[in-house]
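Working through the structure, step by step
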Amino acid sequence: MRPFSLRSLWPLCVLLAAFAVTTAVYWPGLYGGFLFDDYPNIVDNHGLQIRDASVPSLTRAALSSPSSEFKRALASLSFAANYRATGLEPYWMKLTNLLIHLLNGLLVFFLTRLLLRSADPRSFAGAGGTDGWAPPTTADDARRIGIVAALVTGAWMLLPINLTGVLYVVQRMESMANAFVLLGLIGYVASRRHMLAPMPTRDGAADPPSPDASGEPAAGLEHHPPARDSLSSQAGSHRSRNGFIGCVVSIILPAGFGVLAKETAVMLPLYAVLIEWALFRFTSVRRCDTPRLPAGTAPRQDTAAGSPAPARADRRLIALFCLVLVLPIIAGLAWLLPSLLRASAWATRDFTLGTRLLSEARIVVDYIGWTLLPTPHALSFYHDDFNVSTGVLSPWTTLACMLVLAALVAFAVWVRKRRPLVALGIALFLGCQLLTGTILPLELIYEHRNYFASYGLLLAIVPLLAAPPPRGWSLSALVRSDGDTPTAGTSDDDAHALPMALPRYVLLGGLLLFWTALTGVTAYAWGDPLRLAEDLAQRAPDSPRAQYELGRTYIIYSHYDPASPFTRLAYAPLERSAALPDSSILPEQALIFMNARMHLPLKDAWWDSMIAKLKAHPPGVQDESSLGALTQCARSGGCDLPKARMMEAFMAALAHPHPGPRLLATYGDYAWNVLEDHALGLRMTEEAVKTSPNEPAYQITLIRMLVVQGRTADARAALQRLATLNIGGRLDGSLDELRKLIEQR
């Protein structure tokens with residue numbers, strides 16, 4: 001047992017300081033408001049705004065997310081819990097996000113410490129570890145590893161690119177999913193270390209490791225007396241079996257729970273296989289101590305002191321990754337590719353599968369810069385002003401970035417044996433981009449997609465910057481309380497050492513200060529909706545969304561008062577947004593909505609621009625939301641909108657093939673309630689139900705329409721179809737209300 005030393009508390013002190021600084025930096029941002037996708041997912045999502053904790057209410061909340069067909073039930077339930085406790089108050093939701101971020105920081109610390117230990121082969125020597133958590137060989141090693149892990153943790157928590165994972169409320173989905181990913185990786189690495197740890201013998205020395213997956217002893221090891229060999233083999237087999245079970249559980253269970261927060265948790269098996277590739281090499285035997293040899297026998301060269309014994313790949317691990325990684329990839333591609341190869345899958349995007357892949361090469365390289373050396377204009381939140389790559393040389397940076405990514409892959413392979421953590425960090429960063437940066441028709445850029453990927457870059461860089469010098473001085477000099485300078489022969493050896501220690505430490509300190517300052521400045525802007533809108537509009541002057549959000553914020557602050565100074569300020573950014581390339585109809589809708597609410601004239605140019613955009617491309621989510629907002633305002637009587645112009649807009653949107661159910665339902669709503677054309681409204685609602693038969697809202701509207709028209713038999717049949725969607729009693733209230741409505745007729 002090592003004697004207690006105050007110096008051993010330094011890792012804990014660094015870690016606590018990182019938590020304190022992170023909390024202080026983010027605290028001003030907690031006072032901000034909701035933003036962008038927060039509205040459809042939280043503010044306007046009445047399904048998660050529960051009044052009680054009954055099973056039907058919780059089920060309705062769990063299945064309420066419009067973001068994904070998989071519904072992300074766990075994240076939705078967390079939003080529902082926030083609403084149940086404090087209502088639609090963004091402060092408490094952001095505070096919950098911050099607590100999750102701090103929890104993830106703690107998990108990052110544990111994972112990093114395990115990876116640092118696993119990258120050091122001495123941690124598997126017979127130095128007293130018998131539970132799979134073999135400690136480093138000296139107290140200096142333990143302190144060095146703890147400090148480096150705390151520095152990685154602090155840097156990750158303070159990276160500016162990770163801010164949206166905290167202050168952008170809806171991205172709790174991302175942070176929650178990655179909490180399970182980190183937990184799973186911790187369990188996996190600990191289980192693998194358990195499989196690889198040497199066995200103690202009766203005399204207290206480290207026994208040779210257990211047989212490999214084939215059941216045969218590793219080559220070059222002596223044969224001990226039968227009784228002792230039998231006990232050692234049985235204990236080794238038991239340890240190996242338990243460790244493997246831990247690996248299986250650590251991959252399957254966290255991934256299963258994580259996808260209930262967001263689908264990115266499915267990347268857990270890939271991260272685990274990358275750790276295997278970089279550190280463990282898929283073996284169940286790892287040895288760095290000298291094996292016992294019969295008296296008078298010279299040691300073989302491949303089993304000399306300090307060299308690992310030969311070991312074959314563990315077939316169980318290979319089978320595991322075939323089941324949890326290879327087969328799901330094959331099944332997923334077989335399911336997705338046929339639809340992704342159809343042009344209709346990309347109809348609502350301004351890019352195709354080919355141009356997306358070309359563009360993502362530039363974007364992934366941009367992510368590296370935005371993570372390590374970001375600028376305010378780079379981290380602008382809105383990136384809809386990105387110019388899509390149309391060819392390998394259009395622009396020329398496409399080819400350059402493709403070469404950079406290829407060079408990174410080659411470098412990771414080349415450096416794996418000498419600096420495995422560098423290889424692992426690069427692999428984790430690039431692997432993280434495979435889901436959101438390849439073939440799925442998602443939006444091209446989001447900063448929060450780097451919430452885990454940024455950890456890979458820090459894992460590759462921070463341990464290098466914090467490494468001790470080769471001789472005569474070590475990192476422990478920074479934490480010595482007696483002021484003594486160690487001499488040659490310290491615990492830090494050339495495996496961890498790098499030259500130019502002082503410049504590296506200065507660079508690391510400078511990066512930490514820079515990241516902290518930029519995150520603090522940005523968090524301060526996020527603390528006030530108007531300040532944030534103005535800041536983001538300045539960061540991205542050519543972003544239609546940024547300019548629209550600024551104009552929209554001015555409208556909110558105007559309270560629809562024509563005399564308000566904010567009313568005059570709203571026009572310029574909205575008209576600028578409308579004029580920018582690839583803009584949606586959101587700015588035109590906002591201009592029309594604002595003036596109609598305030599009974600001011602509506603410009604024909606706004607209508608013409610909106611209709612032209614709807615004719616030019618199939619309506620996207622923002623376009624459908626805009627038409628829905630105008631319909632709701634006209635239906636409520638708050639806006640006096642010219643019916644002829646509204647019909648032009650709807651006809652332009654519906655002229656494209658395969659209109660979406662939301663657009664059909666919105667047009668049905670407008671026809672029924674504004675045009676008072678019940679036949680048209682009913683027909684459009686029926687089309688919406690056919691297009692999306694699993695969406696209860698459309699069926700509820702259809703039943704109400706049928707009841708009003710006196711078609712009670714059809715209404716009862718529709719009610720029976722709706723009842724099949726009543727999972728967990730989530731539609732009990734609606735079904736009871738509709739039954740009473742039918743009975744009254």
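Refer to the structure printed above.
It should be emphasised that the depicted structure is a prediction, and the values quoted were computed from it without experimental measurement.

**Side note on helix 4 (residues 73–86)**
Taking 1.5 Å per residue as the helical rise, helix 4 with its 14 residues ought to reach 20 Å, and the 20 Å between its terminal C-alpha atoms agrees with that figure. Contacts made by the buried residues of helix 4 are with helix 2 (38–43), helix 3 (55–62), helix 5 (90–119) and helix 8 (172–196). Phi turns positive, to about 75°, at Gly87, one or two residues after helix 4.

**Remarks on the state of the cysteines**
Tallying each qualifying case throughout the model produces 1 disulfide. For Cys633, the disulfide goes to Cys639, at an S-S distance of 1.7 Å. The chirality of the disulfide connecting Cys633 with Cys639 is right-handed, given an S-S dihedral of about 70°.

**A word on the packing of helix 17 (residues 529–539) against helix 18 (residues 544–558)**
It is the contact of helix 17 with helix 18, at a shortest axis distance of 8 Å, that shows an interaxial angle of 155°. Judged by the inter-axis angle, helix 17 sits roughly antiparallel to helix 18. Note that helix 17 runs across helix 18; the crossing there is left-handed. Only Ala546, Gln547, Glu549, Leu550, Thr553, Tyr554 and Tyr557 of helix 18 make contact with helix 17, whose side of the interface consists of Pro529, Leu530, Ala533, Glu534, Leu536 and Ala537. A per-class count over the contact of helix 17 with helix 18 returns 9 nonpolar, 2 polar and 2 charged.

**Points about the side chain of Arg172**
By secondary structure assignment, the location of Arg172 is in helix 8. Buried and without a salt bridge, Arg172 has Asp38 as its closest oppositely charged side chain, separated by 9.2 Å. Those residues in contact with Arg172 that lie beyond four places of it in its chain are Ser78, Phe79, Asn82, Met93, Thr96, Asn97 and Ile100.

**Focus on the pattern of salt bridges**
For the coordinates displayed, the defined rule picks out 18 salt bridges. One salt bridge in this structure joins Arg739 and Asp736, with 3.1 Å as the shortest N-O distance. Taken together, the residues Arg739 and Asp736, both in helix 28 (residues 732–744) and 3 residues apart, mark about one turn of the helix. The exposure class of Arg739 is partly exposed, given its relative accessible area of 36%.

**Thoughts on the packing of aromatic side chains**
Under the definition given, this model contains 25 aromatic pairs. Plain terms: the ring middles of Tyr91 and Trp92 are 5.0 Å apart, the flat faces sit at 90° to each other, and that makes the pair edge-to-face. Under the relative-accessibility criterion, Tyr91 is labelled buried at 14%. Given a relative accessible area of 40%, Trp92 falls into the partly exposed group. Residues Phe282 and Phe321 carry aromatic rings whose centres are separated by 6.1 Å and whose planes lie at 85° to one another, so their mutual orientation is edge-to-face. Linking Phe282 in the loop between helix 10 (268–280) and helix 11 (315–340) with Phe321 in helix 11, this pair joins segments that are 39 residues apart in sequence. Look at Phe282 and you get partly exposed, because its relative accessible area is 22%. For Phe321, a relative accessible area of 4% gives the class buried. Members of the aromatic cluster, joined through ring pairs, are Phe36, Tyr168, Phe381, Tyr382 and Trp526.

Rules used in this analysis
- Residues numbered from 1 in each chain as written.
- Predicted model: local features only at pLDDT ≥ 70, side-chain atom pairs only at ≥ 80, totals over all residues.
- Heavy atoms only, no water.
- Helix = DSSP H or I, 4+ residues; strand = E, 2+ residues; numbered from the N terminus.
- Expected span 1.5 Å × (residues − 1).
- Contact = heavy atoms within 4.5 Å.
- Disulfide = S-S within 2.5 Å.
- Axes fitted to C-alpha atoms, helices over the stretch in contact; angles between N-to-C directions.
- Parallel < 35°, antiparallel > 145°, perpendicular 65-115°, else oblique.
- Left-handed = near helix turned anticlockwise from the far one by under 90°.
- Nonpolar A, V, L, I, M, F, W, Y, C, P; charged D, E, K, R; others polar.
- Buried < 20%, exposed > 50% of the residue type's maximum accessible area, 1.4 Å probe, protein only.
- Lys, Arg positive; Asp, Glu negative; His and termini not counted.
- Salt bridge = Lys/Arg side-chain N within 4 Å of Asp/Glu carboxyl O.
- Phe/Tyr/Trp six-rings, centres within 6.5 Å; stacked < 30°, edge-to-face > 60°.

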